[in-house]
Amino acid sequence: MATIAPTHSSEALAERLFGALVASMELACVHVGHRAGLYAALDAGPATSAELARRAGADERYVREWLEQQAVAGVIEADGGDDPAARRYALPAGHREALLERDSLRYAGAMAQLGVGVLAPIDRLVEAFRTGEGVPYADYGADTRDGIAAFNRPMFVNQLAQEWIPAIPDVQERLTAGAAPRVADVACGGGWSSVALAAGYPRVRVDGFDSDAPSVDAARRLADARGVADRVRFFVQDASDDGIGGEYDLVTIFEALHDMAHPVEALRTARGLLAPGGAVLVADERVAESFGAPGDEIERLNYGFSVLHCLAVGREDDHAACTGTVIRPHVVEGYAREAGFGTVEVAPVEHDFWRFYVLRP
(Lines give C-alpha, C1' and ligand atoms only; values in the text may rest on other atoms or scores of the structure.)
Protein backbone atom coordinates (compact mmCIF):
# COMPACT_ATOMS: atom_id res chain seq x y z
CA MET A 1 0.00 0.00 0.00
CA ALA A 2 1.25 3.45 -0.92
CA THR A 3 2.38 5.94 1.70
CA ILE A 4 2.10 9.67 1.05
CA ALA A 5 5.44 11.42 0.65
CA PRO A 6 5.62 14.39 3.05
CA THR A 7 6.13 17.39 0.72
CA HIS A 8 4.75 20.04 3.11
CA SER A 9 3.94 22.52 0.35
CA SER A 10 0.60 24.24 -0.13
CA GLU A 11 0.77 23.64 -3.86
CA ALA A 12 1.21 19.89 -3.44
CA LEU A 13 -1.55 19.68 -0.86
CA ALA A 14 -3.93 21.70 -3.03
CA GLU A 15 -3.26 19.37 -5.96
CA ARG A 16 -3.80 16.33 -3.78
CA LEU A 17 -7.11 17.65 -2.42
CA PHE A 18 -8.25 18.58 -5.94
CA GLY A 19 -7.66 14.96 -6.93
CA ALA A 20 -9.61 13.83 -3.88
CA LEU A 21 -12.50 16.10 -4.90
CA VAL A 22 -12.58 14.62 -8.40
CA ALA A 23 -12.44 11.10 -6.96
CA SER A 24 -15.22 11.79 -4.46
CA MET A 25 -17.47 13.17 -7.21
CA GLU A 26 -16.83 10.10 -9.34
CA LEU A 27 -17.50 7.80 -6.39
CA ALA A 28 -20.82 9.55 -5.78
CA CYS A 29 -21.77 9.20 -9.45
CA VAL A 30 -21.09 5.47 -9.25
CA HIS A 31 -23.46 5.35 -6.30
CA VAL A 32 -26.13 7.19 -8.33
CA GLY A 33 -25.70 4.66 -11.10
CA HIS A 34 -26.36 1.80 -8.72
CA ARG A 35 -29.26 3.41 -6.91
CA ALA A 36 -30.96 4.44 -10.16
CA GLY A 37 -30.42 1.00 -11.72
CA LEU A 38 -28.40 2.43 -14.60
CA TYR A 39 -25.55 -0.09 -14.54
CA ALA A 40 -28.00 -2.99 -14.47
CA ALA A 41 -29.91 -1.47 -17.40
CA LEU A 42 -26.72 -0.86 -19.38
CA ASP A 43 -25.70 -4.47 -18.77
CA ALA A 44 -28.47 -5.47 -21.17
CA GLY A 45 -26.43 -4.01 -24.02
CA PRO A 46 -25.21 -0.74 -25.57
CA ALA A 47 -27.75 2.06 -25.53
CA THR A 48 -28.39 5.68 -26.29
CA SER A 49 -29.43 7.91 -23.41
CA ALA A 50 -33.09 7.62 -24.44
CA GLU A 51 -32.91 3.84 -24.67
CA LEU A 52 -31.23 3.53 -21.30
CA ALA A 53 -33.73 5.91 -19.70
CA ARG A 54 -36.57 3.72 -20.93
CA ARG A 55 -34.89 0.58 -19.63
CA ALA A 56 -34.26 2.07 -16.20
CA GLY A 57 -37.50 4.03 -15.93
CA ALA A 58 -35.57 7.27 -15.52
CA ASP A 59 -35.49 10.80 -16.95
CA GLU A 60 -33.54 11.00 -20.22
CA ARG A 61 -31.79 14.30 -19.50
CA TYR A 62 -30.43 13.12 -16.16
CA VAL A 63 -29.42 9.81 -17.70
CA ARG A 64 -27.61 11.57 -20.55
CA GLU A 65 -25.58 13.69 -18.15
CA TRP A 66 -24.68 10.64 -16.08
CA LEU A 67 -23.66 8.68 -19.17
CA GLU A 68 -21.43 11.50 -20.36
CA GLN A 69 -19.85 11.80 -16.91
CA GLN A 70 -19.22 8.05 -16.75
CA ALA A 71 -17.66 8.05 -20.20
CA VAL A 72 -15.45 11.05 -19.42
CA ALA A 73 -14.36 9.30 -16.20
CA GLY A 74 -13.49 6.16 -18.16
CA VAL A 75 -16.00 3.95 -16.38
CA ILE A 76 -18.05 3.19 -19.50
CA GLU A 77 -17.41 3.52 -23.25
CA ALA A 78 -18.96 5.99 -25.71
CA ASP A 79 -18.94 5.78 -29.49
CA GLY A 80 -17.60 9.35 -29.63
CA GLY A 81 -20.29 10.83 -31.89
CA ASP A 82 -21.10 14.54 -31.72
CA ASP A 83 -24.87 14.10 -31.58
CA PRO A 84 -25.84 13.53 -27.89
CA ALA A 85 -29.08 11.83 -28.88
CA ALA A 86 -27.37 9.37 -31.22
CA ARG A 87 -24.32 8.63 -29.08
CA ARG A 88 -24.26 5.06 -27.79
CA TYR A 89 -22.75 3.88 -24.54
CA ALA A 90 -21.56 0.47 -23.41
CA LEU A 91 -20.35 -1.21 -20.26
CA PRO A 92 -16.83 -2.59 -20.86
CA ALA A 93 -16.67 -6.32 -20.26
CA GLY A 94 -13.66 -5.80 -18.02
CA HIS A 95 -15.60 -3.47 -15.72
CA ARG A 96 -18.68 -5.63 -15.27
CA GLU A 97 -17.35 -7.69 -12.36
CA ALA A 98 -16.34 -4.63 -10.35
CA LEU A 99 -19.67 -2.93 -10.93
CA LEU A 100 -22.25 -5.72 -10.93
CA GLU A 101 -20.95 -9.02 -9.50
CA ARG A 102 -21.78 -8.52 -5.83
CA ASP A 103 -20.32 -11.85 -4.68
CA SER A 104 -16.99 -11.19 -6.38
CA LEU A 105 -13.91 -10.16 -4.43
CA ARG A 106 -13.42 -7.52 -7.12
CA TYR A 107 -16.84 -5.94 -6.57
CA ALA A 108 -16.35 -2.21 -5.90
CA GLY A 109 -19.86 -0.81 -5.81
CA ALA A 110 -19.97 -1.01 -2.03
CA MET A 111 -17.14 1.52 -1.82
CA ALA A 112 -19.36 4.14 -3.43
CA GLN A 113 -22.31 3.28 -1.19
CA LEU A 114 -20.18 3.49 1.94
CA GLY A 115 -18.48 6.69 0.84
CA VAL A 116 -21.84 8.40 0.49
CA GLY A 117 -23.43 6.76 3.53
CA VAL A 118 -20.89 7.84 6.14
CA LEU A 119 -21.50 11.49 5.21
CA ALA A 120 -25.25 11.33 5.84
CA PRO A 121 -25.19 12.73 9.42
CA ILE A 122 -22.31 15.16 8.84
CA ASP A 123 -24.06 18.06 10.61
CA ARG A 124 -24.72 15.96 13.70
CA LEU A 125 -21.15 14.68 13.61
CA VAL A 126 -19.72 18.20 13.59
CA GLU A 127 -21.95 19.05 16.54
CA ALA A 128 -20.69 15.93 18.33
CA PHE A 129 -17.15 17.31 18.01
CA ARG A 130 -18.34 20.19 20.20
CA THR A 131 -20.41 18.20 22.68
CA GLY A 132 -18.47 14.93 22.91
CA GLU A 133 -21.67 12.96 22.34
CA GLY A 134 -22.04 10.00 20.03
CA VAL A 135 -23.95 9.76 16.76
CA PRO A 136 -26.51 6.92 16.67
CA TYR A 137 -25.84 4.18 14.15
CA ALA A 138 -29.37 4.62 12.80
CA ASP A 139 -28.55 8.19 11.76
CA TYR A 140 -26.12 6.87 9.14
CA GLY A 141 -29.03 5.31 7.30
CA ALA A 142 -29.49 2.45 4.89
CA ASP A 143 -26.54 3.31 2.65
CA THR A 144 -24.06 2.85 5.47
CA ARG A 145 -25.78 -0.24 6.84
CA ASP A 146 -26.15 -1.87 3.44
CA GLY A 147 -22.76 -0.61 2.28
CA ILE A 148 -20.97 -2.32 5.15
CA ALA A 149 -22.80 -5.56 4.36
CA ALA A 150 -22.04 -5.25 0.65
CA PHE A 151 -18.35 -4.49 1.28
CA ASN A 152 -17.88 -7.53 3.52
CA ARG A 153 -20.16 -9.87 1.56
CA PRO A 154 -17.60 -11.11 -1.02
CA MET A 155 -15.06 -11.85 1.70
CA PHE A 156 -17.55 -13.91 3.70
CA VAL A 157 -18.84 -15.72 0.61
CA ASN A 158 -15.40 -16.55 -0.80
CA GLN A 159 -13.01 -16.70 2.15
CA LEU A 160 -14.66 -17.39 5.51
CA ALA A 161 -15.18 -21.15 5.16
CA GLN A 162 -12.59 -21.58 2.41
CA GLU A 163 -9.56 -19.86 3.97
CA TRP A 164 -10.05 -18.22 7.36
CA ILE A 165 -11.49 -21.06 9.43
CA PRO A 166 -9.27 -23.73 7.81
CA ALA A 167 -6.25 -21.66 8.91
CA ILE A 168 -7.20 -22.52 12.52
CA PRO A 169 -7.00 -26.34 12.53
CA ASP A 170 -8.74 -27.11 15.82
CA VAL A 171 -11.66 -24.81 14.96
CA GLN A 172 -11.91 -26.35 11.50
CA GLU A 173 -11.94 -29.82 13.06
CA ARG A 174 -14.62 -28.83 15.52
CA LEU A 175 -16.93 -27.44 12.84
CA THR A 176 -16.53 -30.43 10.53
CA ALA A 177 -16.31 -33.41 12.88
CA GLY A 178 -19.00 -32.66 15.43
CA ALA A 179 -22.54 -33.96 15.14
CA ALA A 180 -24.14 -30.52 15.40
CA PRO A 181 -21.55 -27.78 16.04
CA ARG A 182 -22.93 -24.44 17.20
CA VAL A 183 -21.66 -20.98 16.31
CA ALA A 184 -22.64 -17.64 17.82
CA ASP A 185 -22.04 -14.82 15.34
CA VAL A 186 -21.93 -11.70 17.50
CA ALA A 187 -22.61 -8.34 15.81
CA CYS A 188 -23.65 -10.22 12.68
CA GLY A 189 -24.93 -7.18 10.81
CA GLY A 190 -26.73 -8.14 7.60
CA GLY A 191 -26.03 -11.82 8.19
CA TRP A 192 -23.53 -12.62 5.45
CA SER A 193 -21.04 -14.11 7.90
CA SER A 194 -23.70 -16.27 9.55
CA VAL A 195 -25.03 -17.52 6.22
CA ALA A 196 -21.51 -18.20 4.90
CA LEU A 197 -20.72 -20.28 7.97
CA ALA A 198 -23.88 -22.34 7.48
CA ALA A 199 -23.20 -22.75 3.76
CA GLY A 200 -19.59 -23.79 4.31
CA TYR A 201 -20.24 -26.18 7.20
CA PRO A 202 -23.42 -28.22 6.59
CA ARG A 203 -23.58 -29.58 10.16
CA VAL A 204 -23.30 -26.18 11.81
CA ARG A 205 -26.13 -24.28 13.41
CA VAL A 206 -25.60 -20.53 13.71
CA ASP A 207 -27.20 -17.96 15.99
CA GLY A 208 -26.59 -14.38 14.86
CA PHE A 209 -26.90 -11.46 17.27
CA ASP A 210 -26.98 -7.75 16.48
CA SER A 211 -28.33 -4.69 18.26
CA ASP A 212 -29.58 -3.10 15.00
CA ALA A 213 -33.10 -4.31 14.20
CA PRO A 214 -33.02 -3.40 10.46
CA SER A 215 -29.82 -5.41 10.08
CA VAL A 216 -31.42 -8.41 11.76
CA ASP A 217 -34.45 -8.13 9.47
CA ALA A 218 -32.13 -8.10 6.45
CA ALA A 219 -30.23 -11.09 7.84
CA ARG A 220 -33.41 -13.12 8.21
CA ARG A 221 -34.38 -12.36 4.61
CA LEU A 222 -30.91 -13.38 3.47
CA ALA A 223 -31.04 -16.72 5.28
CA ASP A 224 -34.37 -17.46 3.61
CA ALA A 225 -33.05 -16.46 0.18
CA ARG A 226 -29.91 -18.59 0.55
CA GLY A 227 -31.80 -21.63 1.80
CA VAL A 228 -30.25 -21.92 5.27
CA ALA A 229 -33.03 -20.53 7.47
CA ASP A 230 -33.49 -23.98 9.00
CA ARG A 231 -30.00 -23.75 10.53
CA VAL A 232 -29.52 -20.01 11.04
CA ARG A 233 -31.42 -17.85 13.50
CA PHE A 234 -31.08 -14.13 14.21
CA PHE A 235 -31.80 -12.12 17.34
CA VAL A 236 -31.85 -8.43 18.19
CA GLN A 237 -29.42 -8.36 21.08
CA ASP A 238 -26.59 -6.11 22.29
CA ALA A 239 -23.47 -8.18 22.82
CA SER A 240 -22.46 -6.26 25.92
CA ASP A 241 -25.71 -7.20 27.70
CA ASP A 242 -25.98 -10.43 29.63
CA GLY A 243 -29.12 -11.59 27.78
CA ILE A 244 -27.32 -13.95 25.40
CA GLY A 245 -27.29 -17.54 26.57
CA GLY A 246 -26.26 -20.91 25.24
CA GLU A 247 -23.14 -22.97 24.69
CA TYR A 248 -21.19 -22.64 21.45
CA ASP A 249 -18.18 -24.29 19.86
CA LEU A 250 -17.18 -21.03 18.19
CA VAL A 251 -18.06 -17.40 18.81
CA THR A 252 -17.23 -14.93 16.04
CA ILE A 253 -17.01 -11.14 16.05
CA PHE A 254 -16.25 -9.80 12.58
CA GLU A 255 -15.15 -6.17 12.18
CA ALA A 256 -17.29 -5.01 15.07
CA LEU A 257 -15.23 -4.96 18.26
CA HIS A 258 -13.89 -1.49 17.50
CA ASP A 259 -17.46 -0.15 17.09
CA MET A 260 -18.67 -1.43 20.45
CA ALA A 261 -19.17 1.02 23.27
CA HIS A 262 -18.29 -1.73 25.76
CA PRO A 263 -15.91 -4.15 24.05
CA VAL A 264 -14.65 -5.78 27.25
CA GLU A 265 -18.19 -6.62 28.31
CA ALA A 266 -18.90 -8.01 24.84
CA LEU A 267 -15.83 -10.23 24.98
CA ARG A 268 -16.78 -11.33 28.48
CA THR A 269 -20.18 -12.34 27.12
CA ALA A 270 -18.47 -14.21 24.28
CA ARG A 271 -16.23 -16.08 26.73
CA GLY A 272 -19.28 -17.09 28.74
CA LEU A 273 -20.88 -18.61 25.66
CA LEU A 274 -18.05 -21.03 24.94
CA ALA A 275 -18.43 -24.75 25.30
CA PRO A 276 -15.39 -26.52 26.80
CA GLY A 277 -12.58 -26.35 24.28
CA GLY A 278 -14.31 -23.66 22.22
CA ALA A 279 -12.73 -20.46 20.90
CA VAL A 280 -13.61 -16.89 20.03
CA LEU A 281 -12.55 -15.60 16.61
CA VAL A 282 -12.25 -11.82 16.33
CA ALA A 283 -11.48 -10.22 12.98
CA ASP A 284 -10.78 -6.51 13.03
CA GLU A 285 -8.82 -3.90 11.17
CA ARG A 286 -5.31 -4.72 9.98
CA VAL A 287 -3.77 -1.45 11.08
CA ALA A 288 -0.16 -0.83 12.02
CA GLU A 289 1.00 -2.00 15.42
CA SER A 290 1.77 1.58 16.47
CA PHE A 291 1.03 5.10 15.29
CA GLY A 292 3.11 6.48 12.45
CA ALA A 293 2.69 9.43 10.12
CA PRO A 294 2.31 9.65 7.24
CA GLY A 295 0.55 6.31 6.92
CA ASP A 296 -0.24 3.92 4.10
CA GLU A 297 -3.62 3.65 2.37
CA ILE A 298 -5.00 1.13 4.87
CA GLU A 299 -4.15 3.42 7.79
CA ARG A 300 -5.61 6.42 5.99
CA LEU A 301 -8.79 4.53 5.14
CA ASN A 302 -9.31 3.39 8.71
CA TYR A 303 -8.67 6.81 10.20
CA GLY A 304 -11.17 8.25 7.73
CA PHE A 305 -13.83 5.78 8.80
CA SER A 306 -12.95 6.41 12.43
CA VAL A 307 -13.44 10.17 12.23
CA LEU A 308 -16.60 9.98 10.14
CA HIS A 309 -18.33 6.94 11.62
CA CYS A 310 -16.84 4.40 14.00
CA LEU A 311 -15.71 6.61 16.87
CA ALA A 312 -19.05 8.42 16.84
CA VAL A 313 -21.25 5.31 16.87
CA GLY A 314 -19.09 3.85 19.63
CA ARG A 315 -19.77 6.82 21.90
CA GLU A 316 -23.54 6.48 22.22
CA ASP A 317 -23.44 4.89 25.68
CA ASP A 318 -22.14 6.25 28.95
CA HIS A 319 -18.58 5.27 29.87
CA ALA A 320 -17.87 4.09 26.32
CA ALA A 321 -14.44 2.75 25.48
CA CYS A 322 -14.15 5.15 22.50
CA THR A 323 -11.95 2.73 20.57
CA GLY A 324 -12.36 3.99 17.01
CA THR A 325 -11.58 2.09 13.83
CA VAL A 326 -7.81 2.07 14.37
CA ILE A 327 -7.81 -0.81 16.83
CA ARG A 328 -4.21 -1.93 17.23
CA PRO A 329 -3.20 -5.46 18.30
CA HIS A 330 -2.22 -4.44 21.83
CA VAL A 331 -5.68 -2.91 22.30
CA VAL A 332 -7.42 -6.12 21.26
CA GLU A 333 -5.18 -8.13 23.56
CA GLY A 334 -5.82 -5.72 26.43
CA TYR A 335 -9.58 -5.99 26.02
CA ALA A 336 -9.34 -9.80 25.81
CA ARG A 337 -7.19 -10.10 28.94
CA GLU A 338 -9.54 -7.85 30.87
CA ALA A 339 -12.45 -10.01 29.72
CA GLY A 340 -10.74 -13.07 31.22
CA PHE A 341 -9.11 -14.76 28.22
CA GLY A 342 -5.89 -16.57 28.97
CA THR A 343 -4.64 -16.92 25.39
CA VAL A 344 -4.67 -14.37 22.58
CA GLU A 345 -3.14 -15.46 19.28
CA VAL A 346 -2.99 -13.90 15.82
CA ALA A 347 -4.16 -16.48 13.29
CA PRO A 348 -2.00 -17.14 10.19
CA VAL A 349 -4.46 -15.52 7.78
CA GLU A 350 -3.18 -13.17 5.07
CA HIS A 351 -5.70 -10.43 4.40
CA ASP A 352 -5.60 -6.90 3.03
CA PHE A 353 -8.04 -5.39 5.51
CA TRP A 354 -8.35 -7.57 8.61
CA ARG A 355 -6.21 -9.20 11.28
CA PHE A 356 -7.59 -12.36 12.90
CA TYR A 357 -7.36 -13.06 16.64
CA VAL A 358 -8.13 -16.39 18.31
CA LEU A 359 -9.09 -16.01 21.96
CA ARG A 360 -9.26 -18.89 24.40
CA PRO A 361 -10.14 -18.97 28.12
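Our subject in this report is the structure included herewith. As the structure is a computational prediction, the values presented were derived from the model and not from experiment.

As for the overall build of the chain
Part 1 of the reasoning: The secondary structure content of the chain amounts to 14 helices and 9 strands.
Part 2 of the reasoning: Taken over C-alpha atoms, the radius of gyration comes to 22 Å for the chain, in line with the 21 Å a tight globule of 361 residues would show.
Part 3 of the reasoning: In terms of principal-axis extent, the alpha carbons of the chain reach across some 70 × 50 × 35 Å.
Part 4 of the reasoning: Looking at the chain as shown, the accessible area adds up to about 17,200 Å², and 53% of this sits on carbon and sulfur atoms.
Part 5 of the reasoning: Both charge centroids of the chain, one from 33 positive and one from 54 negative side chains, sit 4 Å from each other.

Points about the packing of aromatic side chains
Part 1 of the reasoning: Applying the stated criterion across every chain, the model contains 11 aromatic pairs.
Part 2 of the reasoning: The interplanar angle of 20° and the centroid separation of 6.4 Å between the aromatic rings of Phe254 and Trp354 together place this pair among those described as stacked. Highlighted residues: Phe254 in strand S6 (residues 248-254) and Trp354 in strand S9 (residues 354-360), separated in sequence by 100 residues. Each member of the pair, Phe254 as well as Trp354, carries the same accessibility label: buried.
Part 3 of the reasoning: Within the aromatic cluster, the residues linked to one another by ring pairs are Phe156, Trp164, Phe254, Trp354 and Phe356.

Overview of the pattern of salt bridges
Part 1 of the reasoning: In this structure the tally under the stated criterion is 20 salt bridges.
Part 2 of the reasoning: Between Arg64 and Glu60 there is a salt bridge, with the nearest N and O atoms lying 3.2 Å from each other. One end of the pair is Arg64 and the other is Glu60, both in helix H4 (residues 60-72) and 4 residues apart, which spans about a single turn.
Part 3 of the reasoning: By relative accessible area, Glu60 is classed as partly exposed at 26%.
Part 4 of the reasoning: In this structure, the salt-bridge partner of Arg124 is Asp139, at a minimum N-O distance of 2.8 Å. Highlighted residues: Arg124 in helix H7 (residues 122-131) and Asp139 in the loop between H7 and helix H8 (141-164), separated in sequence by 15 residues.

So, how was this worked out
- Residues numbered from 1 in each chain as written.
- Predicted model: local features only at pLDDT ≥ 70, side-chain atom pairs only at ≥ 80, totals over all residues.
- Heavy atoms only, no water.
- Helix = DSSP H or I, 4+ residues; strand = E, 2+ residues; numbered from the N terminus.
- Rg over C-alpha atoms; globule rule 2.2 N^0.38 Å.
- Areas by Shrake-Rupley, 256 points an atom, 1.4 Å probe, with all protein chains shown as cover.
- Lys, Arg positive; Asp, Glu negative; His and termini not counted.
- Charge placed at Lys NZ, Arg CZ, Asp CG, Glu CD.
- Phe/Tyr/Trp six-rings, centres within 6.5 Å; stacked < 30°, edge-to-face > 60°.
- Buried < 20%, exposed > 50% of the residue type's maximum accessible area, 1.4 Å probe, protein only.
- Salt bridge = Lys/Arg side-chain N within 4 Å of Asp/Glu carboxyl O.

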